[in-house]
Amino acid sequence: MSGTANGSVTVTIDGSNKSMKLPLIHGTIGHSVADIRKMYGEMGIFTYDPGYGGTAACDSKITYIDGDEGILLHRGYPIEQLAEQSTFLEVAYLLLNGELPNASERKVFVQGVTMHTMLHEQIRAFYNGFRRDAHPMAVMCGVVGALSAFYHDSLDINDEQHRRISAFRLIAKLPTIAAWAYKYSIGQPFMYPRNDLTYPANFLYMFNAVPSEPWQPNPVLVRAMDRILILHADHEQNASTSTVRLAGSTGANPFACIAAGIASLWGPAHGGANEAVLKMLAEIGHVDRIPEFISKVKDKNSSVRLMGFGHRVYKNYDPRAKIMQATCHEVLRELGIVDDPLLDLAVELEKIALHDPYFVERKLYPNVDFYSGIILKAMGFPTSMFTVLFAVARTVGWISQWKEMIEDPSQRIGRPRQIYTGPAKRDYVPLAERS
Ligand code: SDX
């Protein structure tokens, strides 16, 4: 633990003489924590926090979120400045190493990623095992997990070099795996990565190009792709990052941990929300039908949610959503899409929701997923690929958080406890005696 201990929280069990002081630990910025590690041993009780809404599971230096103020920092740098002035690979270096690279460090890092973008030729065979209409996230789970079978030279997580080469391989190969998942789904030939292209341009090339025609990157779309990747790179201890950390705490290899993160991200409450937003907008269909949809959302019996809205941490505007909205306008303008009905619908839906007491009282604002789908659809990505792109970007955050955990000397296997509310001990009843 690298916070600063100062002060304590006293816990007393009513009606007993049991009491203890929990050390209060302060980070650089943000909420302090009460260290409960000794509470079970001294007081014989656990804490209870399903969903971990009020529980710090680790000590991290990578990302800081102030949900009330709508602030997101990566190693102290505001997401607005990184999205505007940096590149995805430079942010990847920052997340992994803690500092922005100088010119030579950046050159070496980019070269290192570039040299690992190709896949082992036998990995192509994995794709043939899937139906053409398989959801690409299912393909991602399978193929990324299978990488463990190809890199026996880098599975020792205690070896710094193994951790380093695994990080390069995962960051470099995810775009190729993702683009091939798409090409497989439409029956087009796989496009091999090109070392003469930048990371975002290479991804757009592998996704869009065909062997029979030359392909030229559109600089506006390449810049937009790079910015979208930056906005999805890391986000503190979200569900998929926590999944990667928990898997990694057992000593599982990094490829298996990232595959676990991809599986967790797939859920519509998490990374699957961008795909769900497009489905929701299509279901609403027209601005005139927004009030009818909003009343369904407010009806507790309907289980309908305003996808792309709300967040466990942000109780203010997600700063990424604002940048995404601006990027949306840039991309649509570049593509000559003057009035995209989906964007018009989303802007009107946001306007109505932000003034509706139901959403205001619950502090529900647009999150990163609200506008991303509109951009990706305009760029030609099918909705089934939206979460795949999220996974490509978040792999950088996952592997950075995994590396931080493995290198933390106080790291232990994750093993939450529970409150048991099932039947107390009882004897087996033979079948003949059961009613
Ligand atoms: C991501 O954790 C991260 O950082 C995730 C992420 C990242 O970068 O990794 O930011 C990426 O996952 C963004 C979130 C994408 N998901 C969605 O857009 C799906 C729609 N949003 C929700 O399902 C919801 O807001 C969550 C899951 C994101 C957050 O859920 P919480 O914190 O558990 O909130 P909650 O369910 O306790 O809701 C509190 C209240 C409830 O109403 P009451 O019971 O108090 O009456 O707000 C309501 C909820 O019903 N509510 C919503 C709502 N989200 C919460 N009502 C309508 N529409 C919504 N979207």
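Look above for the structure.
The present account deals with the structure reproduced in this document. Fair warning: this is a prediction, and the values are worked out from it, not measured in the lab. (Residues numbered from 1 in each chain as written. Predicted model: local features only at pLDDT ≥ 70, side-chain atom pairs only at ≥ 80, totals over all residues. Heavy atoms only, no water.)

### Looking at the site of the ligand
Phase 1 of the analysis: Around the ligand lies a shell of 24 residues, among which His 235, Lys 300, His 311, Arg 320 and Arg 394 are the nearest.
Phase 2 of the analysis: At 2.9 Å, a side-chain N or O of His 270 approaches an oxygen atom of the ligand.
Phase 3 of the analysis: Contacts to the ligand include Gly 308, whose backbone N or O atom sits 2.8 Å from an oxygen atom.
Phase 4 of the analysis: Coverage of the ligand by the protein amounts to 77% of the 1000 Å² it exposes when considered alone.
Phase 5 of the analysis: Within the shell around the ligand, the residues separate by chemical class into ten nonpolar, seven polar and seven charged. (Near = heavy atom within 4 Å. Polar contact = N/O pair within 3.5 Å; in protein donor to acceptor, adjacent residues only side chain to side chain. Areas by Shrake-Rupley, 256 points an atom, 1.4 Å probe, with all protein chains shown as cover. Nonpolar A, V, L, I, M, F, W, Y, C, P; charged D, E, K, R; others polar.)

### As for the sheet that holds strand β3 (residues 33-34)
Phase 1 of the analysis: Spatial strand order, β1-β2-β3: three strands in an open sheet with antiparallel pairing. Of all strands in the sheet, those with a lone pairing partner are β1 (4-12) and β3, marking the two edges. (Pairing = 2+ DSSP bridges. Helix = DSSP H or I, 4+ residues; strand = E, 2+ residues; numbered from the N terminus.)

### Describing the packing of aromatic side chains
Each aromatic ring pair is specified by the distance between its two centres and by the angle formed by the two planes.
Phase 1 of the analysis: For the structure shown, the criterion picks out 21 aromatic pairs.
Phase 2 of the analysis: The ring of Tyr 205 carries Arg 194 above its face, with NZ or CZ at 4.9 Å from the centroid.
Phase 3 of the analysis: For the cation-ring pair, Arg 417 lies above Tyr 40, with the distance from its terminal atom to the ring centre recorded as 5.7 Å. (Phe/Tyr/Trp six-rings, centres within 6.5 Å; stacked < 30°, edge-to-face > 60°. Lys NZ or Arg CZ within 6 Å of the ring centre and 35° of its normal.)

### Describing the environment of Ala 378
Phase 1 of the analysis: Assignment of secondary structure puts Ala 378 in helix α17 (residues 369-378).
Phase 2 of the analysis: In contact with Ala 378, other than residues within four places in its own chain, are Val 331, Leu 332, Leu 335 and Ile 337. (Contact = heavy atoms within 4.5 Å.)

### Side note on unusual backbone geometry
Phase 1 of the analysis: One non-glycine residue, Tyr 52, lies in positive phi territory at about 55 degrees.
Phase 2 of the analysis: Mapped onto the secondary structure, Tyr 52 falls in the loop between α1 (39-43) and β4 (63-66).
Phase 3 of the analysis: A positive phi angle is found at Lys 363, which is not glycine, with a value near 50 degrees.
Phase 4 of the analysis: Inspection of the secondary structure assignment puts Lys 363 in the loop between α16 (357-361) and α17.
Phase 5 of the analysis: Relative accessible area serves as the criterion here: at 44%, Lys 363 is assigned to the partly exposed category. (Buried < 20%, exposed > 50% of the residue type's maximum accessible area, 1.4 Å probe, protein only.)

### With respect to helix α6 (residues 136-146)
Phase 1 of the analysis: Counted residue by residue, α6 has eight buried out of eleven residues, so it is predominantly covered.
Phase 2 of the analysis: Considered for burial, the residues of α6 that qualify are Pro 136, Met 137, Val 139, Met 140, Cys 141, Val 143, Val 144 and Ala 146.
Phase 3 of the analysis: On its buried face, α6 sits against α5 (124-128), α7 (160-186), α11 (254-265) and α18 (386-406).

### Some details on the packing of α7 against α11
Phase 1 of the analysis: Across the interface, α7 lies against α11 with an axial gap of 10 Å and an inter-helix angle of 40 degrees. One finds that α7 runs oblique with respect to α11. As for the relative orientation of α7 and α11, their crossing is right-handed in sense. Contacts from Ser 166, Arg 169, Leu 170 and Leu 174 of α7 reach α11 at Pro 254, Phe 255, Ile 258 and Ile 262.
Phase 2 of the analysis: Tallied by class, the residues present in the contact of α7 with α11 amount to six nonpolar, one polar and one charged. (Axes fitted to C-alpha atoms, helices over the stretch in contact; angles between N-to-C directions. Parallel < 35°, antiparallel > 145°, perpendicular 65-115°, else oblique. Left-handed = near helix turned anticlockwise from the far one by under 90°.)

### Some remarks on the nonpolar core
Phase 1 of the analysis: Of all hydrophobic cores here, the largest spans 123 residues; its most connected members are Tyr 127, Ile 262, Met 280 and Phe 381.
Phase 2 of the analysis: In contact with Met 280, not counting residues within four places along its chain, are Phe 293, Arg 305, Leu 306, Met 307, Leu 349 and Phe 370.
Phase 3 of the analysis: Grouped together as the second largest cluster of nonpolar side chains are five residues, Val 11, Leu 22, Met 39 and Met 43 included. (Core = buried A, V, L, I, M, F, W, Y, C linked by side-chain atoms within 4.5 Å.)

### Looking at the packing of helix α12 (residues 273-284) against helix α15 (residues 341-355)
Phase 1 of the analysis: At their nearest, the axes of α12 and α15 sit 10 Å apart, and the two run at 90 degrees to each other. Between α12 and α15, the angle is such that the two are roughly perpendicular. Where α12 approaches α15, its residues Leu 278, Met 280, Leu 281 and Ile 284 are matched on the opposing element by Leu 342, Leu 345, Ala 346 and Leu 349.
Phase 2 of the analysis: Within the contact of α12 with α15, the residues separate by chemical class into eight nonpolar, no polar and no charged.

### Describing the sheet that holds β4
Phase 1 of the analysis: With antiparallel pairing, the three strands of this open sheet are ordered in space as β4-β5-β6. Two strands in the sheet have a free side with no partner beyond their single neighbour: β4 and β6 (77-78).
Phase 2 of the analysis: The pairing of strand β5 (residues 71-74) with β6 spans two bridges and is classified as antiparallel. For His 74, the partnering residue across the bridge sits in β6 and is Tyr 77.

### Comments concerning the pattern of salt bridges
Phase 1 of the analysis: Scanning the model with the defined rule gives 17 salt bridges in all.
Phase 2 of the analysis: Residue Glu 407 is joined to Arg 163 by a salt bridge in which the shortest nitrogen-to-oxygen separation is 3.2 Å. With Glu 407 in the segment after α18 and Arg 163 in helix α7, this pair connects stretches of sequence that are 244 residues apart.
Phase 3 of the analysis: Overall, Glu 407 belongs to the partly exposed group, its relative accessible area being 34%.
Phase 4 of the analysis: Given a relative accessible area of 10%, Arg 163 falls into the buried group. (Salt bridge = Lys/Arg side-chain N within 4 Å of Asp/Glu carboxyl O.)

### Describing the pairing of strand β2 (residues 19-26)
Phase 1 of the analysis: Bridging between β1 and β2 involves seven bridges; their strand directions are antiparallel. Looking across to β2, one finds that Thr 4 is bridged to His 26.
Phase 2 of the analysis: From the end of β1 to the start of β2, which pair antiparallel, there are six residues, and Gly 15 there has a positive phi angle of about 75 degrees.
Phase 3 of the analysis: Sheet topology places β2 next to β3; two bridges connect them, and they run antiparallel. Bridged to Ile 25 within β3 is Val 33.

### Regarding the side chain of Arg 245
Phase 1 of the analysis: Among the structural elements, Arg 245 can be located in helix α10 (residues 239-248).
Phase 2 of the analysis: Reaching out from Arg 245, the side chain makes a polar contact with the side chain of Gln 401 at a distance of 2.9 Å.
Phase 3 of the analysis: Ignoring anything within four residues of it in the chain, the contact list for Arg 245 reads Cys 58, Ser 60, Gln 237, Gln 401, Glu 404 and Met 405.

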